[in-house]
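The lines below spell out each chain.
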Amino acid sequence: MRRFGDGITDKVLKEIFPKKLKGREAPEELYNRLRKRILSGKLKKGQKLSYDGIAQDLNVSKGIVLNVISRLKKDRLIISKRGVGSFIV
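Model, not experiment: these values are computed from the prediction.

Q: Would you mind going over helix 2 (residues 26-40) in detail, with residue names and values included?
A: Here helix 2 is 15 residues long and its end C-alpha atoms lie 21 Å apart, about the 21 Å a rise of 1.5 Å per residue gives. Among the residues of helix 2, those classed as buried are A26, L30, Y31, R33, L34 and I38. Looking one or two residues beyond helix 2, the residue adopting positive phi is G41, at roughly 90 degrees.

Q: An account of the nonpolar core is requested, with residue identities and associated values reported.
A: With 19 residues, the main nonpolar core has L30, I38, V65, L72 and I78 as its most contacted residues. Listing elements by their share of this core, those giving two or more residues are helix 2, helix 3 (51-58) and helix 4 (62-74). The leading source of residues in this core is helix 2, at 5 residues.

Calculation rules
Residues numbered from 1 in each chain as written. Predicted model: local features only at pLDDT ≥ 70, side-chain atom pairs only at ≥ 80, totals over all residues. Heavy atoms only, no water. Helix = DSSP H or I, 4+ residues; strand = E, 2+ residues; numbered from the N terminus. Expected span 1.5 Å × (residues − 1). Buried < 20%, exposed > 50% of the residue type's maximum accessible area, 1.4 Å probe, protein only. Core = buried A, V, L, I, M, F, W, Y, C linked by side-chain atoms within 4.5 Å.

In C-alpha cells form, the structure reads like this:
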C-alpha cells in the first residue's frame, strides 16, 4: 500500500476522492472534501499531506492543491513546517 510521506494511504484517498476531480468545480470540491474529512476525524491529527501526490492522484494541478491547502491553513485545519511539510492539526 502506497503512502504519501508519513500520511495518507491510497485507501483513504480513494474513500475521500472516489473519482478524479475535473473542471472549474475541482478547487471547491477538493476543499470541501478535505475539510469534511479533517473535521470528521477521517484524516488524523499529525498526518502529513503530499501536494504532488494529491495533485497526481486527483488529476488536478499542483496550483489547485496549493490554493486549497492555503485555504485550509487559514481555517487552521492544517499547519506547515518549513522544509518538513504540511500536517493535519
